[in-house]
Amino acid sequence: MNHPMTPRTVRRIAGLLLPILFFMGPAAFAHAFPERSDPHVGARLKVPPRLVTIWFDAGIEPVFSHLIVKSRRGQKVSIGNGFIPKGSHTILETRLRPIGPGVYFVYWSVIAFDGHHTEGRWYFRVR
Ligand SMILES: [Cu+2]
């Protein structure tokens, strides 16, 4: 026997499914967020770093993931736009030019394997 779905039935099913999809969302499609970094957020360093590394909690796409570091005046002090070390899918890294005392801003922007974009910025200080 045939049971065509009436608009009312469709609405009822949608009403049941939408909350389920909503609550599944964050777990099923985790974005990539930083877990830790070196230097750490807000660090005060005596020795200027030559490398900035961020560890993410999910896989990130190499082509669309960027990490740059700028001085307080907006001068770029990182070399290139960041790279994902071979064999890793969750680490984003950039080398730095020699830098002196001051505040430096780290800008990161990544696309996770699930296609979602996240970005942020933080700073460290060289004394
Ligand atoms: Cu996501």
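Keep in mind that what you see is a predicted model, and the values were worked out from it rather than measured.

A. Geometry of the overall build of the protein. Within the protein, the regular secondary structure consists of one helix and eight strands. In sequence order, the protein lays out its α and β elements as α-β-β-β-β-β-β-β-β. Relative to its 127 residues, the protein shows a buried fraction of 17%. Contacts in the protein between residues far apart in sequence, at least 24 positions, make up 59% of those at least 6 positions apart.

B. Fine view of the sheet that holds strand β2 (residues 44-45). Pairing within the open sheet is mixed, and its four strands lie in the order β2-β8-β7-β4. In this open sheet, the two strands that pair with only one neighbour each are β2 and β4 (66-71). The sheet contact formed by strand β7 (residues 102-111) and strand β8 (residues 117-126) spans ten bridges and is antiparallel. Directly across from Val-103, in β8, lies its bridge partner Arg-125.

C. A look at the sheet that holds strand β1 (residues 34-38). Sheet architecture is open: four strands sit in the order β1-β3-β6-β5, paired in antiparallel fashion. In the strand order of this sheet, the two ends are held by β1 and β5 (78-83), each with one partner. Between one strand axis and the next, the sheet turns through 10° on average, direction left out of account. Across four bridges, the pairing between β1 and strand β3 (residues 51-56) is antiparallel.

D. Highlighting the confidence of the model for the protein. Here the protein averages 87 in pLDDT, and 77% of its residues register 70 or above. In the model, residues 20-28 has pLDDT below 50 throughout and makes zero contacts with residues more than four positions away in sequence or in other chains.

E. Structural detail: unusual backbone geometry. In the segment running from Asp-38 into Pro-39, the intervening peptide bond is cis, with an omega of 0°. With respect to the helices, strands and loops of the structure, Pro-39 is situated in the loop between β1 and β2.

About the thresholds
- Residues numbered from 1 in each chain as written.
- Predicted model: local features only at pLDDT ≥ 70, side-chain atom pairs only at ≥ 80, totals over all residues.
- Helix = DSSP H or I, 4+ residues; strand = E, 2+ residues; numbered from the N terminus.
- Buried ≥ 20, exposed ≤ 12 C-beta atoms within 10 Å, placed from the backbone.
- Contact = placed C-beta atoms within 7 Å.
- Pairing = 2+ DSSP bridges.
- Axes fitted to C-alpha atoms, helices over the stretch in contact; angles between N-to-C directions.
- pLDDT = per-residue confidence, 0-100.

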